[in-house]
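The primary structure of each chain is shown beneath.
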Amino acid sequence: MTSTLHPARVPDDDLLRFARAVTRHFYEGEEDADVQPLADVAAEDFRAWWVLDDDRVVANLGVFETDLSLPGGARLPTAAVTTVGVAQTMRRRGLLRAMMRACLDEARDRGEPLAALFASESEIYGRFGFGIAARHVAYRTIRWRVRFRDPVDVRLVRETMPEEALRVWPAIHDRMRDQRSGSVAPTTAAWRLGVLVDPPGWRDGATTRRLVEVPGRGYARYRIKDGDAGDGPDATVLLSELVATDPEAEAALWQHVCDLDLTARTRTWLRPVDDALPHLVTDPLALGASTGPPLYVRVLDLPRILTARTYDRSGSATLQVVDPDGYVDGRWSLEAGPDGASCEPATAEPDLVVPVETVACLLFGGVPATALLAARRLEERRPGAAADLDRLLATDRAPWTSAEF
Ligand SMILES: CC(C)(COP(=O)(O)OP(=O)(O)OC[C@H]1O[C@@H](n2cnc3c(N)ncnc32)[C@H](O)[C@@H]1OP(=O)(O)O)[C@@H](O)C(=O)NCCC(=O)NCCS
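Residues numbered from 1 in each chain as written. Predicted model: local features only at pLDDT ≥ 70, side-chain atom pairs only at ≥ 80, totals over all residues.

Trainee: Can you help me understand the overall build of the protein in this one?
Mentor: For the protein, the count of helices and strands is eleven helices and 17 strands. Computed over its C-alpha atoms, the radius of gyration of the protein comes to 22 Å, within 12% of the 22 Å expected for a compact globule of 405 residues. Taken over the C-alpha atoms alone, the protein extends approximately 70 × 60 × 35 Å along its principal axes. Out of the 405 residues belonging to the protein, those deemed buried represent 43%. (Helix = DSSP H or I, 4+ residues; strand = E, 2+ residues; numbered from the N terminus. Rg over C-alpha atoms; globule rule 2.2 N^0.38 Å. Buried ≥ 20, exposed ≤ 12 C-beta atoms within 10 Å, placed from the backbone.)

Set out below in structure tokens:
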């Protein structure tokens, strides 16, 4: 076959080959049982890209067709980029760059104003215009040191079956998203992957997935991985998601996962920066907090985002956005207030000059403009403009995406 090193969409009847490339390039299990669930997901609300070289898959990238919540609760179509990989022998030849360009062009052409991703290596995606929209906190709690200030009845928490979780958890997650901007919705297929599908190759030596809930109010998913200390409990709870819609359910779920018999610690990596957990316990240092993987966002249509989100106070700003890839390059004037907003191309002198990857940090209230100014990640042309923008874009809750995709 002719060798071609251009990205192309994967035909529907070749998704198993795509899925096999994904697990291979991530150095994960290549057994049929590990690969087939990915191929099934790719068949639904998903756009799969690959690069073929003599009929060999040498690069892959996928996009969930989903949405992202904005401050105020609106949701905008979003290309959630995932399953990115390039064969070991084909790296640093521009294949990722070519796939990313193709996938972002397609997103723009389909009217998706945003792309989002989690990065396995954080240095990669700034060059494609992605910036940190939601910072996250990781915890490694030490069981014997975690004491809850005001314990609730942990018997609120009960175990549930995957089919039942699949039926009722999406609505709980959806209610949480009304309060949280920067939250990417799992597609129906992604819910199946996170709750129902659990092949042995995905467990990395841990148990099957455990599903617990406070019915109608919150849920948590975790695995337990045994340790080998030999002198007492040494297992680790690997908590992949905990979502609650009220404080009592949240406290009950945290008490449950932080105090499981035979475990020594709980690890989780995707918590919001304004999480309740540090305030629920007597010793926040027992939580072993560190930086978790952030949500990266790429802006493809700035006016659409700025007019869809809400504002608690009135104000205006003229931004010079620098976007070398051209999607939102230019000068934009924002007039916003509690009754709505407009965002138009502008000719007036800008208040701020902002690289496109920094715009993503600002839109959801995730990182203050004043902090970015201090880090020289944006330029202030009018003194005080960064602080003014912070007041205009302020949100109640920190942005948060509760599970990786
Ligand atoms: C990460 C990966 C997809 C990059 O693919 P690639 O085809 O080698 O990337 P490209 O050649 O298109 O490089 C594009 C740019 O990203 C940079 N880059 C690529 N991988 C990088 C890395 N791991 N760290 C820092 N920069 C990286 C390149 O230097 C290049 O920069 P430049 O355009 O400024 O010169 C590939 O190394 C891979 O498959 N890694 C293992 C799986 C993985 O980590 N996937 C990412 C999941 S988020």
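Trainee: Teacher, can you tell me more about the site of the ligand here?
Mentor: Around the ligand, the structure places 18 residues, and the nearest of them are V86, R91, L95, L96 and R97. Only β4 (75–86) and α3 (95–109) provide two or more residues apiece to the shell around the ligand. Along the lines of polarity and charge, the residues of the shell around the ligand split into seven nonpolar, four polar and seven charged. (Near = placed C-beta within 6 Å. Nonpolar A, V, L, I, M, F, W, Y, C, P; charged D, E, K, R; others polar.)

Trainee: Whenever I open this one, unusual backbone geometry confuses me. Can you help?
Mentor: Across residues other than glycine, the phi torsion is negative in most instances, and most of the peptide bonds are trans. Here the phi dihedral of D45 falls at roughly 45 degrees; this positive angle occurs in a residue that is not glycine. Tracing the backbone shows D45 in the loop between α2 (32–42) and β2 (46–53). Residues other than glycine seldom take positive phi values, yet D204 does so here, at roughly 50 degrees. Relative to the helices and strands, D204 resides in the loop between α5 (188–196) and β8 (210–214). Using a count of 11 C-beta atoms within 10 Å as the deciding quantity, one classes D204 as exposed.

Trainee: Sorry, what's going on with the pairing of strand β3 (residues 56–69) here?
Mentor: If a strand is regular, its side chains alternate between the two faces of the sheet. Extensive coverage of β3 is indicated by the burial of twelve of its 14 residues. The loop that links β2 with its antiparallel partner β3 comprises two residues; one of these, D54, has a positive phi angle of about 50 degrees. Both β3 and β4 contribute to a ladder of ten bridges, which runs antiparallel. Of the residues in β4, the one forming a bridge with V63 is V81. The hairpin formed by β3 and β4 contains five residues between the paired strands, and G72 there has a positive phi angle of roughly 100 degrees. (Pairing = 2+ DSSP bridges.)

Trainee: I'm lost on the packing of helix α4 (residues 162–179) against α5 in this one. Help?
Mentor: For any two helices packed against each other, the geometry comes down to the angle between their axes and how far apart the axes lie. It is at 9 Å that the axes of α4 and α5 come closest, and there the two elements cross at 135 degrees. The orientation of α4 with respect to α5, classified from their angle, is oblique. In this structure, α4 meets α5 at a crossing whose hand is right-handed. Side by side, α4 and α5 meet where P162, A165, L166, W169 and P170 of the first sit next to W191, R192, V195 and L196 of the second. (Axes fitted to C-alpha atoms, helices over the stretch in contact; angles between N-to-C directions. Parallel < 35°, antiparallel > 145°, perpendicular 65-115°, else oblique. Left-handed = near helix turned anticlockwise from the far one by under 90°. Contact = placed C-beta atoms within 7 Å.)

Trainee: Help me understand the nonpolar core in this model?
Mentor: Note that soluble globular proteins tend to have their nonpolar side chains buried in a common cluster. The biggest cluster of nonpolar side chains holds 90 residues, and the ones touching the most others in it are F18, W50, V81, C103, A116, A133 and V299. Excluding residues that lie within four positions of it along the chain, F18 makes contacts with V10, A39, A42, A48, W50, V57 and N60. Core analysis: the second largest hydrophobic core is formed by 30 residues, V146, L238, V257 and C258 among them. (Core = buried A, V, L, I, M, F, W, Y, C linked by C-beta atoms within 7 Å.)

Trainee: Is there a simple way to think about helix α1 (residues 15–25) in this case?
Mentor: Structurally, the α-helix is built with 3.6 residues per turn, so residues lying three or four positions apart point the same way. Of the positions making up α1, those classed as buried are L15, F18, A19, A21, V22, T23 and H25. Looking one or two residues past α1, Y27 carries a phi angle of roughly 60 degrees, positive in sign.

Trainee: Honestly, the sheet that holds strand β10 (residues 235–244) in this entry has me stumped. Any pointers?
Mentor: Pairing is mixed across the open sheet formed by twelve strands, whose spatial order is β1-β2-β3-β4-β5-β12-β6-β11-β10-β9-β8-β7. Bordering the open sheet on either side are β1 (7–9) and β7 (158–159), each of which pairs with just one other strand. Packing against the sheet, helix α6 (residues 247–258) makes contact with β6 (130–142), β8, β9 (218–225), β10 and β11 (263–272), and its axis sits at approximately 170 degrees to β10.

Trainee: Can you help me understand the pairing of β11 in this one?
Mentor: The element β11 is extensively covered by neighbouring structure, given that seven of its ten residues are classed as buried. Examined bridge by bridge, β6 and β11 share six bridges and lie antiparallel to one another. Within the sheet, the bridge partner assigned to I142 lies in β11 and is R265. Across four bridges, the pairing between β10 and β11 is parallel.

Trainee: It is not clear to me how the domain arrangement of the protein should be interpreted in this structure. Could you clarify?
Mentor: Interface size is often expressed as the accessible area that is lost when the parts come together. Split into domains, the protein comes out as domain 1 (7–117), domain 2 (136–293) and domain 3 (302–393). Once you take the C-alpha centre of each, domain 2 and domain 3 turn out to be 35 Å apart. (Domains from an automatic or database assignment.)

Trainee: What's the story with the environment of H25 in this structure? I'm lost.
Mentor: Structurally, H25 is set in helix α1. In sequence terms H25 and G85 are 60 residues apart; their C-alpha atoms lie 5.3 Å from each other. Apart from residues no more than four positions distant in its own chain, H25 is found in contact with N60, G85, V86 and A87.

Trainee: When you look at the sheet that holds strand β16 (residues 352–355) in this model, what are you seeing that I'm missing?
Mentor: Each strand in a sheet pairs with another by means of backbone hydrogen bonds, the pair being arranged parallel or else antiparallel. One open sheet accounts for five strands, arranged β15-β14-β13-β16-β17; its pairing is mixed. Single-partner strands in this sheet number two, and they are β15 (340–345) and β17 (379–380). Running over the sheet, helix α9 (residues 356–363) touches β13 (315–322) and β16 and is turned about 105 degrees from β16. Of the strands in this sheet, β13, β14 (330–337), β16 and β17 touch helix α11 (residues 385–393), which is tilted by about 115 degrees from β13.

Trainee: Sorry if this is basic, but what is going on with the packing of α1 against α2 here?
Mentor: At their nearest, the axes of α1 and α2 sit 8 Å apart, and the two run at 125 degrees to each other. Taken together, the axes of α1 and α2 are oblique relative to one another. α2 is crossed by α1, and the crossing has right-handed handedness. Residues L15, L16, F18, A19, R20, V22 and T23 of α1 pack against D34, V35, Q36, L38, A39 and A42 of α2. Considering only residue class, the contact of α1 with α2 consists of nine nonpolar, two polar and two charged.

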